[in-house]
Amino acid sequence: MKALMLITTMFFIIYSSHAGPSKYEEAMQENISKLYASRTVEEYQEVINKFDRIAAMETDKWEPLYYAGFGYIMMATESKEATVKDKYLDLALEKITAGTKLQPQESELIALEGFVHMIRVTVDPATRGAQYSGLSMQAYGRAVELNPDNPRALYLMAQIEYGTAQFFGSDTGEACAKLELAIEKFDTYVPDSPLAPAWGKGGAIASMERCK
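Conventions we followed
Residues numbered from 1 in each chain as written. Predicted model: local features only at pLDDT ≥ 70, side-chain atom pairs only at ≥ 80, totals over all residues. Heavy atoms only, no water. Helix = DSSP H or I, 4+ residues; strand = E, 2+ residues; numbered from the N terminus. Buried < 20%, exposed > 50% of the residue type's maximum accessible area, 1.4 Å probe, protein only. Salt bridge = Lys/Arg side-chain N within 4 Å of Asp/Glu carboxyl O. Axes fitted to C-alpha atoms, helices over the stretch in contact; angles between N-to-C directions. Parallel < 35°, antiparallel > 145°, perpendicular 65-115°, else oblique. Left-handed = near helix turned anticlockwise from the far one by under 90°. Contact = heavy atoms within 4.5 Å. Core = buried A, V, L, I, M, F, W, Y, C linked by side-chain atoms within 4.5 Å. Phe/Tyr/Trp six-rings, centres within 6.5 Å; stacked < 30°, edge-to-face > 60°. Disulfide = S-S within 2.5 Å.

### A few points about the overall build of the protein chain
Part 1 of the argument: Each helix and strand in the protein chain was counted, giving 10 helices and 0 strands.
Part 2 of the argument: Starting at the N terminus and ending at the C terminus, the protein chain contains elements arranged as α-α-α-α-α-α-α-α-α-α.
Part 3 of the argument: Projected onto its principal axes, the C-alpha positions of the protein chain cover 75 × 35 × 30 Å.
Part 4 of the argument: Put simply, the protein chain has 212 residues, and 43% of those count as buried.

### A word on the pattern of salt bridges
Part 1 of the argument: Scanning the entire structure with this criterion turns up 13 salt bridges.
Part 2 of the argument: With its nearest N and O atoms 3.0 Å apart, the salt bridge here joins glutamate 161 to lysine 178. Within this pair, whereas glutamate 161 is found in helix 8 (residues 151-167), its partner lysine 178 is found in helix 9 (residues 173-188), the two being separated by 17 residues in sequence. Lysine 178 matches glutamate 161 in its accessibility class, with the two residues each being buried.
Part 3 of the argument: Taking the shortest distance from any N to any O, the salt bridge between glutamate 209 and lysine 212 comes out at 3.1 Å.
Part 4 of the argument: Each of Asp86, Asp90, Arg120 and Arg128 takes part in a single network of salt bridges with overlapping partners.

### Focus: the packing of helix 3 (residues 41-57) against helix 4 (residues 63-78)
Part 1 of the argument: Where helix 3 meets helix 4, the axes come as close as 9 Å, and the angle between the chain directions of the two elements is 160°. Taken together, the axis directions place helix 3 and helix 4 in an arrangement best described as roughly antiparallel. Crossing of helix 3 against helix 4: the hand is left-handed. Counting all contacts with helix 3, which are made through Val41, Tyr44, Gln45, Ile48, Phe51, Asp52, Ile54 and Ala55, the residues of helix 4 involved are Pro64, Leu65, Tyr67, Ala68, Gly71, Tyr72, Met74, Met75 and Glu78.

### Details of the nonpolar core
Part 1 of the argument: Ranked by size, the top nonpolar core spans 50 residues in total, and within it Met28, Phe51, Ile73, Leu112, Phe115, Tyr155 and Trp199 carry the most contacts.
Part 2 of the argument: Among the elements that take part in this core, helix 4 stands out by supplying 9 residues, more than any other.

### Quick notes on the environment of serine 133
Part 1 of the argument: Here serine 133 falls in the buried class, since its relative accessible area comes to 15%.
Part 2 of the argument: Among residues more than four places away in sequence, those in contact with serine 133 are Val121, Arg128, Ile160 and Thr164.

### Brief notes about the packing of aromatic side chains
Part 1 of the argument: By the definition in use, this model includes 9 aromatic pairs.
Part 2 of the argument: Consider the rings of phenylalanine 51 and tyrosine 67, whose centres lie 5.7 Å apart with planes at 20°: the pair is stacked. Of the two residues, phenylalanine 51 is situated in helix 3 and tyrosine 67 in helix 4; the sequence distance between them amounts to 16 residues.
Part 3 of the argument: For phenylalanine 51, a relative accessible area of 0% corresponds to the buried category.

### Remarks on the state of the cysteines
Part 1 of the argument: Tallied over the full model, the rule gives 1 disulfide.
Part 2 of the argument: Here cysteine 176 is linked by a disulfide to cysteine 211, with a sulfur-sulfur distance of 2.0 Å. Taking the sign of the S-S torsion, about -85° here, the bridge from cysteine 176 to cysteine 211 comes out left-handed. Taken together, the positions of cysteine 176 in helix 9 and cysteine 211 in the segment after helix 10 (201-208) put the pair 35 residues apart, joining distant regions of the chain.

Just distances and angles here, no functional claims.
As structure tokens, then:
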């Protein structure tokens, strides 16, 4: 009997180690690739709709909500009118809030919330800077606290620090040092899931050009 149990256990271990991604992971990976390849509002909306359908079926998963939120932020950056930007950012925040209810300690979700506030600043820095820069920095600080190795949290924090320093004519050295650290983290960070966010390194490298 012991021999039979041992063989059964070994079979289970071998089977598990060779098991491929689940249907959920396959669907997510396919749509994450589409999201990263999207360039127009229409393309973003199409893939967001797919994340919404996945989220409706996988009600305990935060990743579909994260990527739907990221898609709405990208739509906001593509839009010219302030009211349209705000509409997309409101939708992004809805998704992120729903995700944080499932995973309150997820650094990536908190960093994405900071990204929403940062884009609101860009709509009108003079009137919105004081309010939304503070909210943005608060979120990035929390994201880094939860995961000091999160390269996106460091990159986005460096962005708002650089913009704030530039706006007030202050030294941008601290922001540039943080940006350099973010790039290092992008090279060494090992995500804990194949569905983990992977965006940001190109933007960080491009932003570093301003520091030279």
